[in-house]
Amino acid sequence: MYDLIIVGAGPAGLSAAVYGRRAGLDLLVIEEKPMGGGQVLNTYEVDNYLGMPGMNGFDMGTKFREHAERAGARFENAAVAGIVDGQGAKIVKLADGTEREAKAVIIATGAEHRELGVPGEAAYRGRGVSYCAVCDGAFFRKKDVAVIGGGDVAVEDAVYLSALCRKVWLIHRRDSLRAARALQDRLAACGNVEILWNSTVQEIAGGDTVERLRLADAAGQFREELAVDGVFVAVGMKPNTEAFRETVPCDSAGYVIAGEDCATQTAGIFAAGDVRTKQVRQIITAVSDGACAVASVQRYLV
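A few points on the structure. (Residues numbered from 1 in each chain as written. Predicted model: local features only at pLDDT ≥ 70, side-chain atom pairs only at ≥ 80, totals over all residues. Heavy atoms only, no water.)

**Here we look at the packing of aromatic side chains**
Convention followed: Any two rings among Phe, Tyr and Trp, with Trp reduced to its six-membered ring, count as a pair given centres within 6.5 Å; such a pair is stacked if its planes are under 30 degrees apart, edge-to-face if over 60, and tilted if neither. Helix numbers and strand numbers start at the N terminus; a helix is a DSSP run of H or I with at least 4 residues, a strand a run of E with at least 2. Definition used: whenever NZ (Lys) or CZ (Arg) falls within 6 Å of the ring centre and also within 35 degrees of the ring normal, the charge is taken to sit over that ring.
Tallied over the entire structure, the rule returns three aromatic pairs. Consider the rings of Phe140 and Phe232, whose centres lie 5.4 Å apart with planes at 75°: the pair is edge-to-face. With Phe140 in the loop between α3 (133-136) and β9 (144-148) and Phe232 in strand β15 (residues 230-233), this residue pair connects regions lying 92 residues apart in the sequence. Directly above the aromatic system of Phe75 lies the positively charged group of Arg65, at a separation of 3.8 Å from the ring centroid. Positioned over the ring face of Tyr255 is Arg281, at 3.7 Å from the centre of the ring.

**What about the state of the cysteines?**
Going by this rule: The criterion for a disulfide is a pair of cysteine sulfur atoms lying within 2.5 Å. The rule is simple: take the accessible area with a 1.4 Å probe, protein chains only, and divide by the maximum for that residue type; under 20% is buried, over 50% is exposed, in between is partly exposed.
The final tally for this structure, using the stated rule, is one disulfide. Across a sulfur-sulfur distance of 2.1 Å, Cys132 and Cys135 are joined as a disulfide pair. Its S-S torsion of about 70° marks the bond between Cys132 and Cys135 as right-handed, since a negative value means left-handed. Residue Cys132 is classed as buried on the basis of its relative accessible area of 11%. Its sulfur unpaired, Cys165 is 11 Å from the next cysteine sulfur, which belongs to Cys190.

**Overview of the pairing of β9**
Using the following cut-off: At least two bridges found by DSSP between two strands is the condition for calling them paired.
The element β9 is extensively covered by neighbouring structure, given that five of its five residues are classed as buried. Neither face of β9 is open: one carries Asp144, Ala146 and Ile148, the other Val145 and Val147, and all of them are buried. In this sheet, strand β10 (residues 167-171) lies alongside β9 in parallel orientation, the contact comprising five bridges. Residue pairing in the sheet places Ile148 in a bridge with Ile171 of β10.

**Details of the nonpolar core**
This is how the line gets drawn: For our purposes a nonpolar core is just a set of buried Ala, Val, Leu, Ile, Met, Phe, Trp, Tyr and Cys residues, chained together by side-chain atoms within 4.5 Å. What makes two residues a contact is simply this: any of their non-hydrogen atoms within 4.5 Å.
Membership of the largest hydrophobic core comes to 31 residues, with the highest contact counts inside it found for Leu4, Ile6, Met60, Ile106 and Ile283. Once you skip the residues sitting within four places of it in the chain, Ile106 turns out to touch Leu4, Ile5, Ile6, Val7, Ala16, Phe270, Ala272, Ala293, Val294 and Val297. Counting 22 residues, the second largest nonpolar core, distinct from the first, contains Ala133, Ala158, Ala179 and Val193.

**Here's the deal with the packing of helix α4 (residues 152-162) against helix α5 (residues 181-188)**
The description of two packed helices rests on the angle between their axes and on the distance between the axes. For clarity, the threshold we go by: What counts as an axis is a line fitted to C-alpha atoms, over the stretch in contact for a helix, and the angles between N-to-C directions run from 0 to 180 degrees. The cut-offs work like this: below 35 degrees is roughly parallel, past 145 is roughly antiparallel, 65 to 115 is roughly perpendicular, and the gaps in between are oblique. The sense of a crossing depends on the near helix, which, turned anticlockwise from the far helix by less than a right angle, makes the crossing left-handed and, turned clockwise, makes it right-handed.
Running from N to C, α4 and α5 cross one another at 30°; their axes reach a closest spacing of 9 Å. It follows that α4 is roughly parallel to α5 by the angle criterion. For α4 against α5, the interelement crossing comes out left-handed. On α5, the residues touching Asp152, Val155, Glu156, Ala158 and Val159 of α4 are Leu183, Gln184, Arg186 and Leu187.

**Concerning helix α6 (residues 283-301)**
Convention followed: One less than the residue count of a helix, multiplied by 1.5 Å, gives the span that helix is expected to have.
Its 19 residues give α6 an end-to-end C-alpha distance of 27 Å, which sits within 8% of 27 Å, the value for a rise of 1.5 Å per residue. Along α6, the residues classified as buried are Ile283, Ala286, Val287, Asp289, Gly290, Ala293, Val294, Ser296 and Val297. Structurally, α6 contributes buried residues whose contacts are with β1 (2-7), α1 (11-22), α2 (57-70), β6 (99-107) and β17 (269-271).

**Structural notes on the environment of Phe140**
Note on Phe140: relative accessible area 10%, which makes it buried. Placed 25 residues apart in sequence, Phe140 and Cys165 show a C-alpha to C-alpha distance of 6.2 Å. Apart from residues lying up to four places away in sequence, Phe140 is in contact with Gly128, Val145, Leu164, Cys165, Asp229, Gly230 and Phe232.

**Here we look at the packing of α1 against α6**
Stated formally: As a working rule, the residues Ala, Val, Leu, Ile, Met, Phe, Trp, Tyr, Cys and Pro are called nonpolar, Asp, Glu, Lys and Arg charged, and the rest polar, with Gly in that last group.
Axis separation between α1 and α6 bottoms out at 7 Å; the angle between their running directions is 35°. Handedness of the α1/α6 crossing: right-handed. Along the contact surface, α1 presents Pro11, Ala12, Ser15, Ala16, Tyr19 and Gly20, while α6 presents Ile283, Ala286, Val287, Gly290, Ala291 and Val294. The class makeup of the residues in the contact of α1 with α6 is nine nonpolar, three polar and no charged.

**Describing the side chain of Thr264**
As a reminder of what qualifies: Each polar contact in these results corresponds to two N or O atoms within 3.5 Å; when the atoms are within protein, one needs to be able to donate a hydrogen and the other to accept it, and residues that are neighboring in sequence are counted only if both atoms are side-chain atoms.
Its place among the elements puts Thr264 in the loop between β16 (237-239) and β17. Of the polar contacts made by the side chain of Thr264, one reaches the backbone nitrogen of Thr266; its length is 3.1 Å. A distance of 2.7 Å separates a polar side-chain atom of Thr264 from the backbone oxygen of Ile269. Sequence-distant contacts of Thr264, defined by excluding residues within four places in its chain, comprise Val248, Val256, Ile257, Ala258, Ile269, Phe270 and Ala271.

**Regarding the sheet that holds strand β11 (residues 193-196)**
Either a parallel or an antiparallel arrangement is found when strands of a sheet pair, and the pairing is made through backbone hydrogen bonds. In spatial order, the strands read β8-β15-β9-β10-β11; together these five strands make up an open sheet with parallel pairing. The sheet terminates laterally at β8 (129-130) and β11, the two strands that pair on one side only. In terms of strand pairing, β8 meets β15 through two bridges, oriented parallel. Bridged to Ser130 within β15 is Phe232.

Have a look at this one:
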């Protein structure tokens, strides 16, 4: 039996692994994807992490993982199907039917991209529809693309794509952006980005690949068809909590209910990073959660 199992190897999970090992805990990190690091791996540039301005996201994620490995964290590549609050132990059930046991568990599974849910989106995934500008932007060099959304990620994507693409449309359902002012200033300096306000995507269409978007106004009335070669969806995130909702209480959006101490309402189970209820979801707050969660684990074990 481990002292601690950490589910997820993004910034929160890797931070918890470092702090856990420094506290002398016998721990295991279980990560579904082949390489840990979380969403930061798909970020072209991280400019707001203290002391690392302009850091490439992939490099940052790699350094986080290497730090945890140097600290002596043990990793297992597996999908977690659920957690059972057993007597004296937490049982982590894996998708292959096996189990791992620990005295405490930290859920650090993060969140994933939310879909638009419109006709054509699923059919053209990988054929013009993308959720990662950094991953797929190079395929659309000198082409016309659209970014859907109005938050930090959408604006970051539009700025990034403006350096690659001939034309970038930023399609937003409201009349103002929610992105940070610094990002909006960078967007305004891009000469090939045009914002379509009060607009929603009703359908993604084309032939073998994406060719056009059917747009509507805020009231849902047809507005126009927009010719594009690619669509980058950046309309928010949804937490990866499906496997845990029978064990720990979640809010209406699916985020694990936990405060700044990262303790859930189920004793011995903690939540860190983007997966928990919180006001700000950034790399730096996820890393902070990892440290706070381990401090709470130590108190629980004592």
